[in-house]
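Notes for the structure review
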Amino acid sequence: MTLEIGIVGAGVAGVGAAYELREADAEVTLLEKSRGVGGRAATRRRNDCVYDHGANYVTPDEALETFMREIGSGEPVEIEEPVWTFDSTGTIEPGEDRDRPALTYEDGITRFTKDVLSRADATLETETRVESIGRRAGGWRIGSEGREYAFDALVMTPPAPQTAALLADAGWDDPLRGELVDAVEAVPYRTILTAVLHYPFEIDRPYYALVNVDKDHEIGWLSREECKPGHVPAGESLLIAQMAPAWSLERYGEPEETMAGTAAELVADLLDEPRLETPDWTDRQGWRHALPDAGIDDGVLARAEERSLYLAGDWVAGEGRVAAAFENGREVGRRLCD
Ligand SMILES: Cc1cc2nc3c(=O)[nH]c(=O)nc-3n(C[C@H](O)[C@H](O)[C@H](O)COP(=O)(O)OP(=O)(O)OC[C@H]3O[C@@H](n4cnc5c(N)ncnc54)[C@H](O)[C@@H]3O)c2cc1C
């Protein structure tokens, strides 16, 4: 019997699960609320620039790096320059460069999700926000903008707070539902505002990025997208400033101009370069549920799986990293195959 499997979310965890199901006797459907795939491993294009405004790069182990090189239409590219550190006083120093290799693609980090998806045998429905889930005989039903889907098994990959909200309202009469909601809701998250700052001149520095090590500066991370081959035309600079969680929460509702303007002032101050106060264009992205600070208790997950409900993502893996989320999605896909 061919199983109907629904996967909510086409980020790296969702496509990882779909990839592992490629040879199973199953009809796999990915439902994604956004226009494109990739989730927080996201890329935008503007004025000849390509920039990764969520995850900056993937740090694969050897097996994942080989996989990335084998599945793709585009070769991953390595960021050669190091990551340095800074503290709340603005002191910049060479740091330990733990994240090696740091890989992305000439056309952006979203390429990874697209490549994996091209090898999966799944139907993708974008701009399809899942609004409700409920139990049906032998499986699950999903509601999205007036449409109903029926599946034998369901994989949920949205960030924990969004998954918890869907589970809390689920038409599912089972004491496990409350336990699951409590466990998913308990996963703590950080909020990050990303300010994208473009300059029509080059910024000459010996590092790719700066990370705030004492977590007491308004900027959490600052990187130079021009260190990624193919991302920024010669003679220009594009900075990605990921702002600290407290700063980001406070300014979450601010318009782009105000938020990016203040971020540019902080960047100019940190790099001690006044001309950085006035980028020629900016962009902004709010990541309300940017990074999980812990994982979920997995006892409850095994019991949900007995009811053919699977949860996957970085918050299930317990690590806010592309590689961890992808591997977690693959593990779920393998368990579904079994
Ligand atoms: C600012 C920032 C910087 C980061 N930097 C790095 C880094 O440098 N390196 C690294 O390895 N990791 C980094 N990360 C973490 C990394 O991006 C994530 O761990 C990883 O992408 C999570 O993948 P996922 O599939 O678990 O979740 P997501 O990518 O969030 O995917 C979930 C998907 O579900 C969709 N969805 C949600 N709700 C619904 C719904 N109701 N209906 C349908 N679809 C829905 C979403 O649109 C999304 O596509 C960063 C994250 C952020 C935000």
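Everything here concerns the structure above.
Residues numbered from 1 in each chain as written. Predicted model: local features only at pLDDT ≥ 70, side-chain atom pairs only at ≥ 80, totals over all residues. Heavy atoms only, no water.

This paragraph deals with the sheet that holds strand 17 (residues 237–243). Strand order across the open sheet formed by 7 strands is 7-6-15-16-17-14-18, with mixed pairing between neighbours. Each edge of the open sheet is held by one strand with a lone partner, namely strand 7 (92–94) and strand 18 (281–292). Neighbour-to-neighbour, the strand axes of this sheet turn through a mean angle of 25°, independent of strand direction. Relative to strand 18, strand 14 (residues 189–199) runs antiparallel, the two being bridged by 9 bridges. If you follow Thr 194 over to strand 18, its bridge partner there is Gln 285. Sheet strands in contact with helix 7 (residues 256–271) are strand 6 (83–86), strand 7, strand 14, strand 15 (209–212), strand 16 (219–224), strand 17 and strand 18, and its direction is about 80° off that of strand 14. (Pairing = 2+ DSSP bridges. Helix = DSSP H or I, 4+ residues; strand = E, 2+ residues; numbered from the N terminus. Axes fitted to C-alpha atoms, helices over the stretch in contact; angles between N-to-C directions. Contact = heavy atoms within 4.5 Å.)

Attention now moves to a negative patch on the surface. Negative charge collects at one region of the surface, where Asp 214, Asp 216, Glu 218, Glu 265, Asp 269, Asp 272 and Glu 277 lie side by side. Position of Glu 277 among the secondary structure elements: in the loop between helix 7 and strand 18. Accessibility expressed as a relative area gives 43% for Glu 277, which makes it partly exposed. (Patch = residues over 30% accessible without salt bridge, like charges linked within 9 Å, V, L, I, M, F, W, Y side chains within 5 Å. Areas by Shrake-Rupley, 256 points an atom, 1.4 Å probe, with all protein chains shown as cover. Salt bridge = Lys/Arg side-chain N within 4 Å of Asp/Glu carboxyl O. Lys, Arg positive; Asp, Glu negative; His and termini not counted. Charge placed at Lys NZ, Arg CZ, Asp CG, Glu CD. Buried < 20%, exposed > 50% of the residue type's maximum accessible area, 1.4 Å probe, protein only.)

Quick look at the sheet that holds strand 19 (residues 309–311) now. Strand order in this open sheet of 5 strands is 9-2-1-13-19, and the pairing throughout is parallel. In this open sheet, the two edge strands, each paired with only one partner strand, are strand 9 (122–125) and strand 19. Along the sheet, successive strands turn relative to each other by an average axial angle of 20°, direction set aside. Pairing of strand 2 (residues 26–31) with strand 9 involves 4 bridges; the strand directions are parallel. For Leu 31, the partnering residue across the bridge sits in strand 9 and is Glu 125. Packed onto the sheet, helix 10 (residues 322–337) meets strand 1 (3–8), strand 13 (153–156) and strand 19 and runs at close to 160° relative to strand 19.

Considering all chains together, one arrives at 11 aromatic pairs under this definition. Ring geometry for Phe 67 and Phe 326: centres 5.6 Å apart, planes at 40°, overall tilted. Placement of Phe 67 in helix 2 (residues 62–71) and of Phe 326 in helix 10 is noted, with a sequence separation of 259 residues between them. Over the face of the ring belonging to Phe 201 we find Arg 275, whose NZ or CZ atom lies 3.9 Å from the ring centre. It is Arg 284 that lies over the ring of Tyr 252; its NZ or CZ is 5.8 Å from the centre. (Phe/Tyr/Trp six-rings, centres within 6.5 Å; stacked < 30°, edge-to-face > 60°. Lys NZ or Arg CZ within 6 Å of the ring centre and 35° of its normal.)

So, about the nonpolar core. In terms of nonpolar packing, the biggest core is built from 37 residues, with Ile 5 and Phe 112 touching the most fellow members. Mapped onto this core, the elements with two or more residues apiece are strand 1, helix 1 (12–20), strand 2, helix 2, strand 8 (103–105), helix 3 (110–119), strand 13 and helix 10. When residues of this core are assigned to domains, at least three fall in each of domain 1 (3–41 + 112–186 + 296–337) and domain 2 (56–108 + 189–292). Those residues within four positions of Phe 112 in sequence are excluded, and the remaining contacts are Val 12, Leu 64, Phe 67, Met 68, Tyr 105, Val 322 and Phe 326. (Core = buried A, V, L, I, M, F, W, Y, C linked by side-chain atoms within 4.5 Å. Domains from an automatic or database assignment.)

Right, let's get into the site of the ligand. Among the 34 residues in the neighbourhood of the ligand, the closest are listed as Glu 32, Arg 40, Tyr 57, Asp 314 and Val 322. The separation between an oxygen atom of the ligand and a polar main-chain atom of Val 12 is 3.2 Å. One nitrogen or oxygen atom from the main chain of Tyr 57 is found 2.8 Å from a nitrogen atom belonging to the ligand. Residue assignment for the shell around the ligand shows that the elements contributing at least two residues are helix 1, strand 18 and helix 10. Split by domain, the shell around the ligand shows at least three residues from each of two domains, domain 1 (3–41 + 112–186 + 296–337) and domain 2 (56–108 + 189–292). (Near = heavy atom within 4 Å. Polar contact = N/O pair within 3.5 Å; in protein donor to acceptor, adjacent residues only side chain to side chain.)

Moving on, we come to the packing of helix 4 (residues 160–168) against helix 5 (residues 175–185). Here helix 4 crosses helix 5 at 160°, and the two axes come no closer than 8 Å. In terms of their interaxial angle, helix 4 and helix 5 are classed as roughly antiparallel. Of the two possible hands of crossing, helix 4 and helix 5 adopt the one that is left-handed. Here helix 4 contributes Ala 160, Thr 163, Ala 164, Leu 167 and Ala 168 to the contact with helix 5, which in turn contributes Arg 177, Leu 180, Val 181, Val 184 and Glu 185. (Parallel < 35°, antiparallel > 145°, perpendicular 65-115°, else oblique. Left-handed = near helix turned anticlockwise from the far one by under 90°.)

A separate point is the pattern of salt bridges. Using the criterion set out here, one finds 23 salt bridges in the structure. The residue Arg 321 makes a salt bridge to Asp 99 at a minimum N-O spacing of 3.2 Å. Here the residue Arg 321 occupies a position in the loop between helix 9 (314–317) and helix 10, and Asp 99 occupies one in the loop between strand 7 and strand 8, the gap between them amounting to 222 residues. Given a relative accessible area of 30%, Arg 321 falls into the partly exposed group. One continuous salt-bridge network, built from bridges that share partners, spans Glu 20, Glu 327, Arg 330 and Arg 334.

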